[in-house]
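Geometric and topological summary
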Amino acid sequence: MAGNNIAPVVKLLQTMGFENGLEHALRAKACFLPSHFEVLHKLDRAGDSCTFHLFFKEEAGMYKCLYYDACYRKEIVFDDAVAASLDTRMKVVDWTVDFDDIEAIMHDLKVIDPQIANLLLFKYWSGSLLENSIGGIASLRLQYEISQRFYVIEGSTPISVDEAFRFLQSRWMEKQARKREAPTVPGIAPKARKATKKTKQKS
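Presented here is an overview of the structure given in this document. (Residues numbered from 1 in each chain as written. Predicted model: local features only at pLDDT ≥ 70, side-chain atom pairs only at ≥ 80, totals over all residues. Heavy atoms only, no water.)

**Brief notes about the sheet that holds strand β1 (residues 36-45)**
Spatially, β1-β2-β3-β4 is the arrangement adopted by the four strands of the open sheet, whose pairing is antiparallel. Edge positions in the sheet fall to β1 and β4 (145-151), since each of these pairs with one other strand and no more. Strand-to-strand twist in this sheet, taken as the mean axis angle between neighbours without regard to direction, amounts to 20°. Here ten bridges tie β1 to strand β2 (residues 48-59), and the two strands are oriented antiparallel to one another. Paired with L43 across the bridge in β2 is C50. Each of β2 and β3 (62-73) touches helix α1 (residues 7-15); the most contacted strand, β3, lies at about 30° to it. The strands touched by helix α6 (residues 137-144) are β3 and β4; relative to β4, the strand with the most contacts, the crossing angle is about 80°. (Pairing = 2+ DSSP bridges. Helix = DSSP H or I, 4+ residues; strand = E, 2+ residues; numbered from the N terminus. Axes fitted to C-alpha atoms, helices over the stretch in contact; angles between N-to-C directions. Contact = heavy atoms within 4.5 Å.)

**A word on the layout of surface pockets**
Taken as a whole, the largest pocket holds about 670 Å³ of empty space. What lines the largest pocket is a set of 25 residues, among which K42, D44, S49, R73 and K123 lie closest to the centre. Here the residues of the lining of the largest pocket are counted per class, giving six nonpolar, eight polar and eleven charged. Lining the second largest pocket are 13 residues; nearest its centre among them are L12, K64, C65, V152 and E154. Only α1 and β3 provide two or more residues apiece to the lining of the second largest pocket. Among the elements that make up the lining of the second largest pocket, the one with the highest residue count is β3 (four residues). Among the residues forming the lining of the second largest pocket, the class breakdown is nine nonpolar, two polar and two charged. (1 Å grid on protein atoms, 1.4 Å probe; cavity = no way out; pocket = protein on both sides within 12 Å on 5 of 7 lines; lining within 4 Å. Points joined across faces, edges and corners; volume = space filled by probe spheres on them. Nonpolar A, V, L, I, M, F, W, Y, C, P; charged D, E, K, R; others polar.)

**Concerning helix α5 (residues 114-125)**
Counted at 1.5 Å a residue, the expected span for α5 with its twelve residues is 16 Å, and the 16 Å between its end C-alpha atoms agrees. For α5, a buried count of nine out of twelve residues is recorded, marking the element as mostly surrounded by other parts of the structure. All buried positions along α5 are accounted for by A117, N118, L119, L120, L121, F122, K123, Y124 and W125. Where the residues of α5 are buried, they touch β3, α3 (81-92), α4 (99-109), α6 and β4. Sitting at the head of α5, D113 places a side-chain oxygen 2.9 Å from the backbone nitrogen of Q115. Just downstream of α5, G127 is the residue with a positive phi angle, here 85°. (Expected span 1.5 Å × (residues − 1). Buried < 20%, exposed > 50% of the residue type's maximum accessible area, 1.4 Å probe, protein only. Polar contact = N/O pair within 3.5 Å; in protein donor to acceptor, adjacent residues only side chain to side chain.)

**Focus on the nonpolar core**
L13, F18, L26, F52, L54, F56 and Y68 are the most contacted members of the largest nonpolar core, which has 29 residues in total. Elements supplying a minimum of two residues to this core: α1, α2 (23-30), β1, β2, β3, β4 and α7 (161-181). Every residue in contact with F56, bar those within four places of it in the chain, is listed here: V9, L13, L26, H36, F37, V39, K64 and C65. Of all hydrophobic cores here, the second largest spans 22 residues; its members include L109, L119, I134 and L140. (Core = buried A, V, L, I, M, F, W, Y, C linked by side-chain atoms within 4.5 Å.)

Take a look at the structure:
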C-alpha cells in the first residue's frame, strides 16, 4: 500500500521530464502523511542550473502537484586564479560531512576579496540551509537569477522541465539584451547660483 497516494503524481512528473518522477523524494515526504509539502529538484546543464521547488497538497487521500517555481541561474565564472581554484574545490565538497575540507575553504575565503568570497558562497549555498549566511542575497539573486511560477492545472498539459528551462533561458537573454540597450543617463547640470542681495544692489 505504501506509495499508492503518490502514484498518479509520480506518473505525471515523469511525463514532465522529472527523473523517475521524483518518486524517492516524494515518498520521503508523503510517508509522514502531511496535508502539504514541498520537494526541491536541481538540474544542471552546461554550467547553467535550474532549481525546481514543487508544491504538493493532499486531496481525498491522494497527493497532487499544484504548481512549481523554477529558478534559472546562468553559470558564474571566475577569472581570478585564486577564486577559480576555490570554485573547483567548493564544487566537489560535501557541505554536510567534509568538515576538514570545509574549514580549509572557509579559511581561504577569508583572505580573498570579500565580494568574490560572497559570490562563491552564493554560487554554492543559495537554495540550501546555509543561504542565511550569504550577505546581500536578494541583490545577488536579482543580478544572477530569474524565476517563474508554473501552475499544474488538471485536464491540461503542464509545462515540462525542458520547456521551463528554455523559457527562463530566453527570458535571461532578453534581460541581458535590455541592459545592453539601456540608454546612459545624462549628467545633471548644476543649478545656477542665485544672486545675493549685494550683487543685485550693485547692478
